[in-house]
Every structure is written in structure tokens, then in C-alpha cells.
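One-letter residues, chain by chain:
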Amino acid sequence: MSVYKILTSPDPVLRQKCAEVKKVNAGVLRLLENMRDTMYFAEGIGLAAPQIGVSKRIIVLDPGDNYLEIINPVIVASEGEQNRSEGCLSVPGKVGWCKRAQKVRVTGMDVGGNNIDLEAEGLLALVLQHEIDHLDGILFPDKATHMRNDEF
Ligand code: ZN
């Protein structure tokens, strides 16, 4: 198990536009494993590669019921609206309300190099939008209203 340090804002890597993955090679497989281990260790529900310092278009997520990993994810359609409180492992101690689409359709690639075409709504749709934003250097406070400290 490899748990990586999660970069926090204002680390400049978090603000870069990530590169597409051309080929799923051994390095990408290892990266996916490290991302999964790091996300679960940090008790997050999603993680994007730049959060562990790798500027590649890869996300992993598990909003509670199943684990998903997507290479080169793209939102191809979105619909509706939701407004929920969000946080981020790279912006510790803060939460804020973000306006997101209620439903999204996402395409990408799985570890086997097969195409993914996924429809999601609610929390899963939110996490997909949040993680895909990371790949373009966008952090949730950029979109949030009512930022506040996360007090338990
Ligand atoms: Zn995040």
C-alpha cells in the first residue's frame, strides 16, 4: 500500500491543466493504485492525480457504494442543478456551497483501455464534476459561495 502526501492549496501543481493519458502502461496502473490507497487512507470520496503531484487526467472516486477510476474523463452532457456543501482534501478545513449540474454524462477510459460512458446524478455527479475540475486546475472555492471553516 502506498499512501501519498496530498498537496494543498496554493501548491502550483493544483493549478495546472493536466495532460491526457495516451497509453495505460505500468506507470499509470501504479498511479491508480496509489491514488486509490491515498483516497481511502484520507477518507475522501474522490481524488484527482494532481492532488498527489501528478499532472495527468486521471480521477478515482467512491461516494459510498462503488469504486470508480476514470482515465481522461470528459463531461459530455449535463442537466439540472444542485447546490450542496463541498469540501476538498486539498483545501483542508474549509467547506462551501457550489452550484453543480444534477446529472452528468461522462466519457473516458478504464484501466483496460476500454471506453467508459457513464450517466450519474446527485452526489456521484457532484464528485465527478469536482474531480474533473481538478484536471483543469479548478478548486471548489473558485465556484463556491458562503465559504466557511469546517467545524465538527
Ligand atoms: Zn478536491
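Refer to the preceding data block for the structure.
Residues numbered from 1 in each chain as written. Predicted model: local features only at pLDDT ≥ 70, side-chain atom pairs only at ≥ 80, totals over all residues. Heavy atoms only, no water.

### Looking at the nonpolar core
Here is step 1 of the chain: Core analysis: the largest hydrophobic core is formed by 19 residues, its most contacted members being I59, L61, I70, V104 and L128.
Here is step 2 of the chain: Going through the elements one at a time, β2 (58-61), β3 (68-79), β6 (103-109), β7 (115-121) and α2 (122-135) are the ones with two or more residues in this core.
Here is step 3 of the chain: Top element by residues in this core is α2. It accounts for 7 residues.
Here is step 4 of the chain: Among all residues touching L61, those that are not within four sequence positions of it are M39, I45, G46, N66, Y67, L68, L124, V127 and L128.
Here is step 5 of the chain: In this structure, I6, V21, I58 and V60 belong to the second largest nonpolar core, which totals 14 residues. (Core = buried A, V, L, I, M, F, W, Y, C linked by side-chain atoms within 4.5 Å. Buried < 20%, exposed > 50% of the residue type's maximum accessible area, 1.4 Å probe, protein only. Helix = DSSP H or I, 4+ residues; strand = E, 2+ residues; numbered from the N terminus. Contact = heavy atoms within 4.5 Å.)

### A short note on a nonpolar patch on the surface
Here is step 1 of the chain: A cluster of nonpolar residues, M1, V3 and F41, forms a patch on the protein surface that exposes about 370 Å² of accessible area.
Here is step 2 of the chain: Relative to the assigned elements, F41 resides in helix α1 (residues 26-41). (Patch = residues over 30% accessible without salt bridge, like charges linked within 9 Å, V, L, I, M, F, W, Y side chains within 5 Å. Areas by Shrake-Rupley, 256 points an atom, 1.4 Å probe, with all protein chains shown as cover. Salt bridge = Lys/Arg side-chain N within 4 Å of Asp/Glu carboxyl O.)

### Here's the deal with the pattern of salt bridges
Here is step 1 of the chain: Using the criterion set out here, one finds 8 salt bridges in the structure.
Here is step 2 of the chain: Measuring nitrogen to oxygen at the nearest pair gives 3.6 Å for the salt bridge that ties R36 to D37.
Here is step 3 of the chain: Residue classification places D37 among the buried positions, given a relative accessible area of 13%.
Here is step 4 of the chain: Where K143 meets D133, a salt bridge forms, and the shortest distance between an N and an O atom there is 2.9 Å.

### Overview of the environment of S2
Here is step 1 of the chain: You can see S2 is positioned in the segment before α1.
Here is step 2 of the chain: The exposure class of S2 is partly exposed, given its relative accessible area of 30%.
Here is step 3 of the chain: Between the C-alpha atoms of S2 and N34, which are 32 residues apart in sequence, the distance is 5.3 Å.
Here is step 4 of the chain: In contact with S2, not counting residues within four places along its chain, are N34, D37 and T38.
Here is step 5 of the chain: For S2, the side chain forms a polar contact with the side chain of N34, separated by 3.4 Å. (Polar contact = N/O pair within 3.5 Å; in protein donor to acceptor, adjacent residues only side chain to side chain.)

### Some words on the sheet that holds β2
Here is step 1 of the chain: Here we have 5 strands laid out as an open sheet, ordered β1-β2-β3-β6-β7, and antiparallel in their pairing. Two strands bound the open sheet, and with one partner strand each, they are β1 (46-48) and β7. If you compare each strand with its neighbour and ignore which way they point, the axes differ by 40° on average.
Here is step 2 of the chain: Where β6 lies against β7, 7 bridges are found, and the strand directions are antiparallel. Bridging from a neighbouring strand, K103 pairs with E121 of β7.
Here is step 3 of the chain: Packed onto the sheet, α1 meets β1, β2 and β3 and runs at close to 35° relative to β2.
Here is step 4 of the chain: Packing of α2 onto the sheet brings it into contact with β1, β2, β3, β6 and β7, and relative to β2 it is tilted by some 150°. (Pairing = 2+ DSSP bridges. Axes fitted to C-alpha atoms, helices over the stretch in contact; angles between N-to-C directions.)

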